[in-house]
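Analysis of the macromolecular model
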There are 2 protein chains.
Amino acid sequence: MQFYKEGFRGGNPDVKPTAADLRVRAAYEALPDRVDVLIAGCGPAGLCLAAQLAQAPEIKTMIVDPKPGPIEKGQADGVNTRTMEMFQAFGFAETVKRESYWVNQTAFWSPNPRNPAHISRIGRVQDVPEGSSEMPHTLINQARVHELFLEVMKNAPTRLEPDYSWAVRDLEIDPTTSDHPVTVTLENTGINAGETKTVRANYVVGCDGARSRVRSAIGGELHGDAAHQAWGVMDILANTDFPDVRQKCLITSATEGNILILPREGGYLFRMYVELDKLNPDERVSSRNFTADHMIEAANRIMQPYSIDVKEVVWWSIYEIGHRLTDRFDDVPAGQDRNPRVFTAGDACHTHSPKAGQGMNVSMQDSFNLGWKLMQVFKGRSDPSLLRSYSAERWVEAKRLIETDHQWARIMSAPAGESELDSGDMPRFQKQFVENLEFTGGLAVKYDASALTGHETHQALAPGFEIGRRFHSAPVVRVADAMQMQLGHVAEADGRWRIYAFAGQDSAAGSDLYRLCEWLMNDPDSAAQKYRRPEEDIDAVIDLRAIFQQGFDALLDQQMPEILKPCTGKLGLQDHEKIFCVDHKDAGDIFEMRGVDREAGCMVVVRPDQYVAHVLPLDAHAQLSSFFDGVFRSPST
Amino acid sequence: MQFYKEGFRGGNPDVKPTAADLRVRAAYEALPDRVDVLIAGCGPAGLCLAAQLAQAPEIKTMIVDPKPGPIEKGQADGVNTRTMEMFQAFGFAETVKRESYWVNQTAFWSPNPRNPAHISRIGRVQDVPEGSSEMPHTLINQARVHELFLEVMKNAPTRLEPDYSWAVRDLEIDPTTSDHPVTVTLENTGINAGETKTVRANYVVGCDGARSRVRSAIGGELHGDAAHQAWGVMDILANTDFPDVRQKCLITSATEGNILILPREGGYLFRMYVELDKLNPDERVSSRNFTADHMIEAANRIMQPYSIDVKEVVWWSIYEIGHRLTDRFDDVPAGQDRNPRVFTAGDACHTHSPKAGQGMNVSMQDSFNLGWKLMQVFKGRSDPSLLRSYSAERWVEAKRLIETDHQWARIMSAPAGESELDSGDMPRFQKQFVENLEFTGGLAVKYDASALTGHETHQALAPGFEIGRRFHSAPVVRVADAMQMQLGHVAEADGRWRIYAFAGQDSAAGSDLYRLCEWLMNDPDSAAQKYRRPEEDIDAVIDLRAIFQQGFDALLDQQMPEILKPCTGKLGLQDHEKIFCVDHKDAGDIFEMRGVDREAGCMVVVRPDQYVAHVLPLDAHAQLSSFFDGVFRSPST
Ligand SMILES: Cc1cc2nc3c(=O)[nH]c(=O)nc-3n(C[C@H](O)[C@H](O)[C@H](O)COP(=O)(O)OP(=O)(O)OC[C@H]3O[C@@H](n4cnc5c(N)ncnc54)[C@H](O)[C@@H]3O)c2cc1C
Ligand SMILES: Cc1cc2nc3c(=O)[nH]c(=O)nc-3n(C[C@H](O)[C@H](O)[C@H](O)COP(=O)(O)OP(=O)(O)OC[C@H]3O[C@@H](n4cnc5c(N)ncnc54)[C@H](O)[C@@H]3O)c2cc1C
């Protein structure tokens, strides 16, 4: 964590200096008439986007929600490893690690063959496969995740806060102008309920949930499973003789239905999902009248011979959801060749069952994909056509998610013995669960080749950093202070690109690594120079880091290229945190772990949302240039 | 981290529910006339004490400081591993780990034998010896440590805040009463400067620094080295070609003096200490007129051939300090047999050179020793004579500290070749540094046998948990959720005692472990039952944890004694976090690491301040009882 670059400032380093000319937020102050980005909805998608844009004083962002304030409980609770990696970039992964429940093991229970009226444990699986991520899979109240994003927003230079009690009612796009072309009608839902207000925006992002107004305003529709699945979900404080109550459990009873148990933060709370469609027909019919008591009764029947004694029902809900998807995540109909002005993200464009715990995660990943693109456009670093890639990339992922969710449901509901997974010694749902772990961890996402995702020509230089997939962190040592750390943790949610240059066998002055550094530092046409304004730091747009194979002590005395110890900020202070080497203790060798070519080295180009954009030889200056030219433009144009 | 025990509450779980009947803190509200504990001084010692007492609504605590508000910079910056372990108990070790500089390596520089006008590196040492603590040695602004304690206070049930702009001027003890016998005269130092106010207190703790008024009011004097050592200290933002600027460095030049470099939080800031007495005679004489510029010039001479280009002087000071100690840390003169009413802690009773970085650490350890004792007396769980042990225990430690500090100085200043450390291949100050590491880590503290520290009779059952020394944490797995964690991290700064019961080979029903559990649960005369009020939880006073040798999955199906799954809190919720087992991955086997007798097992009794009070066989019920009878009393008497 770096701070004091612009001079010493006491206090919590997460609180950034306030930007100039902020909107006045006194009580009864009118809403602004014009903003750059209007975000509809303070769910995970909206807040994750707002937390990014809040860092950029040049973007006037407004985020509205019809609710009177932040939610306190309920909704989703699963934070997969991929999302934890993203939280790291926002600075609050440690907080979530400390407060949350960690899903270390998942247990499987089914009817006891000797007494099918009773359940018995049939297996147990380590939930996060070894080596798949440095982060745990955690469970925590969605409201708490919201709070952590709200804190990031409030601590950001723009001190961004939501405007509660305002809903987007409608919007219109004026195709004849590029100056705030979207006119949004907001409706008050608070003390001035019904009052409307018009705001003009350059871009609108609908993060307004499954019944999205933004989506319908741009003519989007959810397609898919009309047949909704209904789940009873409750967060309870309860005692039980069920031995696995502090492990994630999938429980199938012989005749009483299924239950999912998710232990939660704090050591006492846990969540139960009851699949209502699997209850007996009588109950199914009346599931609309289901109460918390019915759910507790059902749980007690399903879990025989164990029982649950509920002390407090914290929250409960019937969660009805289909597997549905819109055709596109922006306002540009297929076949039209123009840049988008309105986007949707999260539940506004895709919904799926809570079984795989993806709702909150995928929604945030949507807006993490969009955030840096908007920043890049507003800073004049990319043509607005960059924004087309948002729908293109995320729609494919959403589609894959819904198919996987479907497949899981199909396998689960096939009659015994009739599924392709019914061979072998592991029960079918345990087998499917294990096969899905990479997917449920959020780690299977892979973007296809595009202007943002390079070709696989040089993938063999680092097979462990797969182009199109998230940068898989590994241990390194920061040379200057011999700090053992994760290389991936240098990436903050600051909208910058990163190049990780892995030194080859020859890593002395004159080597490929040094020549790359010198080119980036000195050639006005190099990627590091070309897209930044003259007054900006050398690493303002592209942040270069080098990883060597020697020990830290050998490297301390080596004369390093200037760009690896750049002087930045208004004081021109040396940055000592660009140079890394392999771990000298027992954490593992990053070259080994990711298969980096020790002889040649390579560079790994990583997008601001932590996805690997390219793998190239260290001397591929021209290829790097042409790749970046497809993404960036010089800020002068 | 456990929460929601008394029912769900949204938001940051570090914010505890507010206690009833709190003091009103509106502007111009008068100070209270009577308090239970009055703390003088908001330095590390005072705040660490206040953060503990703030947890207890039954104690009315007030903390005053003549300053107008919290400091922003300067003073000490070293947080040793022992203090980090204590921060863990306060809940902010993770925050410090994230924000601070970690001292991983210390480098030694001295005159280059071939060119004594230039310094060269002669060695490098890993700063925290492997296995000595699970915590790092960190450096961070003392003001930030203050802030973190202030946050703990504000989040505590009593929402405690300092009363700034008030100094203790004097105090008097009325020996004829036990009802608020200390009358304290406070003097305003703010807008009403000079105004005085009288407060009556049951106890007063002087954490008011080296010029302590509280100390002089009770007739205490600092004895020791009259000859003050003078250090120039500065926190700077600077560039340099010195390669080890991000490592802790001890630099000795041939003729220009010595320098200590301490890199700091944030990646840019660092601290330099210049030993003024080692400068040339001219400078020494004028050291009183020393400025920051002189110090920078001296540094540039000492560090030849390297140089420093200072961009911002954040803070600087001449820090003159002797090795001094008072005779006692309370108001009871030697030979008198009564209980103390007034205490001193931190710099108020001992001062030492900043070289070993102990000032802030030892001060907090003082008041961490005192805090739980005060809580225990106020809750009626111990006779006030318990408070005599504070001075007894901490004075011995302070004495040892000052002697070590002295010895270091003597060895360092002996002419070349005339020190006992001048043989072998390591330079003498590097050798001394390595030998001192356990001491400077704060890990060498050992309390002598007393009512609070048992005899070593059964030490062989667990040699790695040395009686009288701090509980040395080791990895375990929490059985209920298969969580890999540190056993020591179950200890919060909540004033409770802990018994860690290590199961022997036989750990089934009927084993020694089970019989211990049953005795503690069911015998009204057992330690767990005897000292608590009937309405209190079974673990309110003594918190029992068990550690087994099997894997977590085997243990989940074992019927456990009731006290290991107790139902507590107003909802009577099961606690799942009392049962642990050896780590099943690669973190290490706690039985192995601490030498716990695998055949017999044992119990390790740990004080609220994390010191091992006793090691006993699992069946030593009577010995445990008699030990606790020497500490506790039943709350009814
Ligand atoms: C009641 C409920 C229960 C749920 N339970 C579960 C569960 O048990 N498990 C699970 O995995 N997932 C659950 N989910 C889904 C999960 O919460 C979502 O997948 C996740 O929150 C998606 O995030 P999002 O930001 O896309 O949308 P949401 O979290 O739905 O946020 C949308 C936000 O937009 C606001 N909004 C609505 N209309 C407008 C408007 N016109 N203008 C502006 N703002 C508007 C809403 O007030 C809301 O704050 C539940 C959702 C709900 C609503
Ligand atoms: C200017 C300065 C520079 C220092 N520099 C270093 C350094 O470089 N390295 C190092 O290791 N240590 C340094 N120290 C020492 C280190 O800060 C102390 O060892 C440590 O803070 C001790 O903590 P404490 O709580 O005992 O006392 P202090 O931190 O000294 O706190 C005492 C507090 O009591 C208050 N106080 C004073 N008089 C009264 C009164 N009459 N009534 C009530 N309150 C009162 C003071 O305002 C102060 O807030 C420095 C201390 C000072 C004051």
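Residues numbered from 1 in each chain as written. Chains lettered and ligands numbered in written order. Predicted model: local features only at pLDDT ≥ 70, side-chain atom pairs only at ≥ 80, totals over all residues. Heavy atoms only, no water.

Per an unreviewed UniProt entry, the recorded name for chain A is FAD-binding monooxygenase, and the organism is Pseudophaeobacter arcticus. Among the UniProt annotations of chain A, the heading Sequence similarities (unreviewed entry) holds the following wording: "Belongs to the PheA/TfdB FAD monooxygenase family." Chain A has a UniProt comment under Cofactor (unreviewed entry) that states "FAD". (UniProt positions renumbered as here; feature names shortened; annotations may be inferred.)

**Describing the overall build of chain A**
What chain A contains, in helices and strands, is 15 helices and 29 strands. In terms of C-alpha radius of gyration, chain A reaches 26 Å, essentially the compact-globule figure of 26 Å for 637 residues. Considering only C-alpha atoms, chain A reaches an extent of 75 × 60 × 50 Å along its principal axes. Counting across all 637 residues of chain A, residues that qualify as buried make up 61%. A separation threshold of at least 6 residues defines the contact pool for chain A, and within that pool the share at least 24 residues apart is 70%. As displayed, chain A offers around 23,600 Å² of accessible surface, 49% of which is attributable to carbon and sulfur atoms. Considering chain A, the positive charge centre built from 67 side chains and the negative charge centre built from 90 side chains are found 2 Å apart. (Helix = DSSP H or I, 4+ residues; strand = E, 2+ residues; numbered from the N terminus. Rg over C-alpha atoms; globule rule 2.2 N^0.38 Å. Buried < 20%, exposed > 50% of the residue type's maximum accessible area, 1.4 Å probe, protein only. Contact = heavy atoms within 4.5 Å. Areas by Shrake-Rupley, 256 points an atom, 1.4 Å probe, with all protein chains shown as cover. Lys, Arg positive; Asp, Glu negative; His and termini not counted. Charge placed at Lys NZ, Arg CZ, Asp CG, Glu CD.)

**Things to note about the site of ligand 2**
Residue and element names in this part refer to chain B. Lining the immediate environment of ligand 2, one finds 31 residues, of which Asp65, Gln142, Val168, Tyr273 and Asp347 sit closest. Between ligand 2 and the protein, one listed contact pairs a nitrogen atom with a backbone N or O atom of Gly41 at 3.4 Å. For ligand 2, whose free accessible area comes to 960 Å², the fraction covered by protein is 84%. Looking at the shell around ligand 2, the elements with two or more residues in it are α1 (44-53), β2 (61-65), β9 (166-173), β16 (269-275), β17 (308-321) and α8 (359-378). (Near = heavy atom within 4 Å. Polar contact = N/O pair within 3.5 Å; in protein donor to acceptor, adjacent residues only side chain to side chain.)

**Digging into the packing of aromatic side chains**
All names here are of chain A. With the rule as written, the count across this model stands at 60 aromatic pairs over all chains. With a centroid separation of 4.6 Å and 15° between ring planes, the pair formed by Tyr531 and Phe632 is classed as stacked. Taken together, the positions of Tyr531 in the loop between α12 (527-530) and β24 (542-548) and Phe632 in the segment after α15 (621-629) put the pair 101 residues apart, joining distant regions of the chain. Look at Tyr531 and you get buried, because its relative accessible area is 1%. The exposure class of Phe632 is buried, given its relative accessible area of 5%. An aromatic cluster is present here, built from Trp372, Trp497, Tyr531, Phe627, Phe628 and Phe632 joined pairwise through their rings. The ring of Tyr203 has Arg341 sitting right over it, with the charged end atom 4.7 Å from the ring centre. (Phe/Tyr/Trp six-rings, centres within 6.5 Å; stacked < 30°, edge-to-face > 60°. Lys NZ or Arg CZ within 6 Å of the ring centre and 35° of its normal.)

**Looking at the pattern of salt bridges**
Residues and elements named next belong to chain A. Under the defined criterion, the tally for this structure stands at 104 salt bridges over all chains. Where Glu397 meets Arg400, a salt bridge forms, and the shortest distance between an N and an O atom there is 3.4 Å. Separated by three residues within a single helix, Glu397 and Arg400 lie in helix α9 (residues 388-413), roughly one turn from each other. Its relative accessible area of 8% is what places Glu397 among the buried residues. (Salt bridge = Lys/Arg side-chain N within 4 Å of Asp/Glu carboxyl O.)

**As for the sheet that holds strand β24 (residues 542-548) of chain B**
Residues and elements named next belong to chain B. In spatial order, the strands read β22-β21-β27-β24-β23-β28-β29; together these seven strands make up an open sheet with mixed pairing. Edge positions in the open sheet fall to β22 (483-486) and β29 (612-616), since each of these has one partner strand only. Neighbouring strand axes in the sheet, compared pairwise and without regard to direction, differ in orientation by 30° on average. (Pairing = 2+ DSSP bridges. Axes fitted to C-alpha atoms, helices over the stretch in contact; angles between N-to-C directions.)

**Section: unusual backbone geometry**
Residue and element names in this part refer to chain A. A cis amide bond links Gln304 to the next residue, Pro305, at an omega of 10°. Within the chain, Ala482 stands out as a residue other than glycine whose phi angle is a positive 55°. In this structure Ala482 comes out as buried when scored by relative accessible area, which is 3%.

**Quick look at the sheet that holds strand β20 (residues 350-351) of chain B**
The three strands are arranged β12-β18-β20 (chain B) in an open sheet whose pairing can be described as antiparallel. Here the strands that pair on one side only, and so sit at the sheet edges, are β12 (223-224) and β20 of chain B.

**Quick word on the packing of helix α11 (residues 512-522) of chain A against α15 of chain A**
All names here are of chain A. Put simply, α11 and α15 touch, their axes get as near as 11 Å, and they point 45° apart. In terms of their interaxial angle, α11 and α15 are classed as oblique. The crossing of α11 and α15 is right-handed. The residues of α15 that touch α11, namely those facing Arg515, Leu516, Trp519 and Leu520, are His621, Leu624 and Ser625. Grouping the constituent residues of the contact of α11 with α15 by class yields four nonpolar, two polar and one charged. (Parallel < 35°, antiparallel > 145°, perpendicular 65-115°, else oblique. Left-handed = near helix turned anticlockwise from the far one by under 90°. Nonpolar A, V, L, I, M, F, W, Y, C, P; charged D, E, K, R; others polar.)

**Observations concerning the interface of chain A and chain B**
With 66 residues of chain A in contact, the opposing surface of chain B contributes 66 residues. Together chain A and chain B conceal approximately 5,700 Å² of surface at their shared face, both sides included; 54% is due to carbon and sulfur atoms. Inspection of the region where chain A meets chain B yields six salt bridges. Lys585 of chain A is paired through a salt bridge with Glu130 of chain B; the nearest N and O atoms lie 3.6 Å apart. Seen at the junction of chain A and chain B, the total is 26 residue pairs in polar contact (both at pLDDT 80 or more). A total of four residues in the side of chain A that touches chain B trace back to one element, the largest contributor, which is strand β13 (residues 229-240) of chain A. Residues that form the side of chain A that touches chain B fall into these classes: 23 nonpolar, 20 polar and 23 charged. (Buried area = accessible area lost by both parts, 1.4 Å probe.)

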